[in-house]
Structure formats: C-alpha cells, structure tokens
Amino acid sequence: MADIKLISLTKTFGNITAVDSMNLEIKDKEFFILLGPTGAGKTTTLRLVAGLEKPDKGEVHLDKVCINNLSPAVRDVAFVFQYYTLYPNYTVRQNLEFPLRSNLRKLSASEIDKRVAEVSKVLHIEHLMDRETVNLSGGEMQRVAIGRAIVRTPKVFLMDEPLSNLDAKLREEMRAELARLHLDLGSTFFYVTHDQIEAMTMGDRVAVLNEGKILQIGTPDEIYNLPKDVFVAKFVGSPLINLFDVTIDKDTLIIDREAMVCHIFEKQCSLLKNYNKKNLILGIRPEDIEVSRGKQKVNSLKSMVYFKQSMGVEDILNLKINSIIFKAIASPKLQTKVGETVYANINIDRSHLFDYETNKRIT
C-alpha cells in the first residue's frame, strides 16, 4: 500500500502560514491533485510529505506510519520538480542510472540496466539514451525527469507543477502521457498545479487549496458542478463563471437591482423560502446560457453581443443587458456578430447560489 494521510499539518514562515491545519487522505494508487493559485501552499505541502520541510505542527503518515522523523532519503518517495533538475552534461542514460547507484540501494549493474531499459521504453525515450540532456527539448527533459523518479520504483510520486514550463501543445500531450503512466504503474500520484485543466482531466480526486486551507475535496465533476463556495466556483471552469448580486422576491430572481429578472420554479421557491428578500450571489456557467435569435419559453433575456471570442469549436460571447456584461458559449454555426441582438436563455436549474456574507453554497 502507498496511502498518504496528513493530520492537522501546519507550516509557517515568519508571519505567513503556508499550510494551515491541513487534514487530507490520499488513497493507495490514486491520482490526487492539489489545485490552487500561486502562493496557496501547494509546494510547501509536497515538501512536507517529502521531508524537505519540517512541520510546525501535525503529522505526515505514509502507509499508516508517521514519517515526521524520517529523513527524505528513507521516505521512499520520488519528487518531480517544476524545473527539471537534470545533470546537463550527463547523458539521458546516466541521469536515469544516477538514483540507482546510491549506496542505499546496492543494485547490480545488470539490475540497473534492466530498470533503465524498462523506464525508457515506458516513456518512449529509448532513442535519446546517449544524448546529453542539455541538448534535449523541454518535453524530452520532462520525460527524463519523470523517468528518473520512476526508475526507483518509489511508494509515492510527488509532482510539483511538472508541466508548467512546457508550451500548450506539449502540456496537452504530457497530460495524456501522465494519465497513461499512472494506469501503467498503478502507483500513488500526489500532483500539485495551478492549472484547472490539468486537475479536471487527470485527477481521480481534487482538493482546492487557498491560503493554506483546503476549501473542497471531491471528484472533478463534484468540484465543477457543486462548488462549495464562490472561490471554488471562480477558480474551476473556463470561461470563468458569471457571478451576479441578486435578491429573491417570491418566485422572481432580481439581478443587479432589476437590470435582469429571472423566474424561479416552484421546487426552487420552496428551497429558497428562507432567503426571500436577502442578498445572495448567483453563479451561472457560460455553457448554461443558451444563445438564440428567437425568444424561448422562460428566462429568455434580450441581449446585445458586446464582444466575441472565436475558439474554433465554440464562440465565447460577451453579452450585455443594460449595464451588465456576462459570458455565454454559442455554436460557431450561429454566426453571431458584434452589436447584434440575441436572446440569452438562462438555465436556472443549473445555477449556483451562494450566501452573500459567507460566500458559502446554499444547498
């Protein structure tokens, strides 16, 4: 087994609390992603698990054993850094062999050759083995860095934004490679990133972190479709979720002081009766606003196309009603034009409501 458990883990640097009483369980063989903005405490969390930092409070458990007092060398975890940390004048083969030549491992030359050959095949880098790493591309260097971690066959892989220095096309390719690699190895991956696309496409579960605190843990679908607060709703999803200040008046949702008005259905009215006349925050994702040229049944609001972003498979429309500007996704086949009048058909059933004071989700 290779499960990880963090219990009330805390780490401060001066007056800054990087990790704040974190409780987290990562299952054996899980691809777990810690998602958050720069400065959220993601890298510090990984360094605490690796033993590169000592916690001020709390415990790190690996395979149900507290490893707080174990040195990094004996924790049996592999760390893939954001920057490749390869020996530039070594060949790819020498870089892969290096962690196996440690006195702790005492492997024979034939066993080292066997492991290096297996890893190079898994990562499709057999043709690079005799090339110095200084002459590799970014994607090739990242494969070698991952290979140097894999070759040790550790209990856990810790990955600190390993794709952030690659261009968009390479990132897409490497996301698929890492997902395949996880399935092939059957190992536990603890991966941190600020990129919500990586989190949504690779993770079995995702934890959203901000200012050292975990705000929500769940599957990518749960994080996206049931965000627990406004921060999670804003941080996950592209294009960004539309957020409006609203009040409820019986069966009517009044947006920005009657700039927009939507009808609430009977079931929603009964759920929201305690919030009548109170200030709330309404979140609607752009894909939950259908754009048409004709008025539809309910909550079909006359809008103007204020700005348009063509993305090939979809158009992101910035629509304007009175002083409010919001985003919707439309098919390119609709062939909308800037300045044109269209109807924004809002799917209230797919909307998200948050308490104005606490920013927490209203369920």
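Reference entry: report on the structure contained in this document.

Rules used in this analysis
- Residues numbered from 1 in each chain as written.
- Predicted model: local features only at pLDDT ≥ 70, side-chain atom pairs only at ≥ 80, totals over all residues.
- Heavy atoms only, no water.
- Pairing = 2+ DSSP bridges.
- Helix = DSSP H or I, 4+ residues; strand = E, 2+ residues; numbered from the N terminus.
- Contact = heavy atoms within 4.5 Å.
- Axes fitted to C-alpha atoms, helices over the stretch in contact; angles between N-to-C directions.
- Buried < 20%, exposed > 50% of the residue type's maximum accessible area, 1.4 Å probe, protein only.
- Salt bridge = Lys/Arg side-chain N within 4 Å of Asp/Glu carboxyl O.
- Expected span 1.5 Å × (residues − 1).

### Comments concerning the sheet that holds strand S5 (residues 65–66)
As a general point, the strands of a sheet are linked pairwise by backbone hydrogen bonds and lie either parallel or antiparallel.
Here is step 1: The sheet built from four strands is open, its strands ordered S2-S1-S4-S5 with antiparallel pairing. Strands with a single pairing partner mark the edges of an open sheet, and in this sheet they are strand S2 (16–26) and S5.
Here is step 2: Examined bridge by bridge, strand S4 (residues 57–62) and S5 share two bridges and lie antiparallel to one another. Note on S5: the bridge partner recorded for Leu-62 is Val-65.
Here is step 3: Packing against the sheet, helix H1 (residues 42–50) makes contact with strand S1 (4–13), S2 and S4, and its axis sits at approximately 115° to S1.

### A look at the side chain of Arg-205
Here is step 1: By the secondary structure assignment, Arg-205 is in strand S9 (residues 205–210).
Here is step 2: Residue Arg-205 is classed as buried on the basis of its relative accessible area of 18%.
Here is step 3: In this structure, Arg-205 is in contact with Glu-25, Ile-26, Lys-27, Glu-30, Phe-31, Phe-32, Ile-33, Ile-217, Gly-218 and Thr-219, ignoring residues within four places of it in sequence.

### Details of the pattern of salt bridges
Here is step 1: Tallying each qualifying case throughout the model produces 17 salt bridges.
Here is step 2: Notably, a salt bridge pairs Glu-177 with Arg-180, separated by 2.8 Å at the nearest N-O pair. Within this pair, Glu-177 and its partner Arg-180 are both found in helix H5 (residues 168–185), separated by three residues, close to a single helical turn.
Here is step 3: Judged by its relative accessible area of 19%, Glu-177 is buried.

### Concerning helix H4 (residues 138–150)
Given 3.6 residues per turn, any residue in an α-helix points the same way as the ones three and four places further on.
Here is step 1: Taking 1.5 Å per residue as the helical rise, H4 with its 13 residues ought to reach 18 Å, and the 18 Å between its terminal C-alpha atoms agrees with that figure.
Here is step 2: Of all 13 residues that make up H4, 10 are buried, and the element is covered over most of its length.
Here is step 3: Every buried residue of H4 is listed here: Gly-139, Gln-142, Arg-143, Val-144, Ala-145, Ile-146, Gly-147, Arg-148, Ala-149 and Ile-150.
Here is step 4: Check the buried side of H4 and you find it contacts strand S6 (77–80), helix H2 (92–97), helix H3 (109–122), strand S7 (156–160) and H5.

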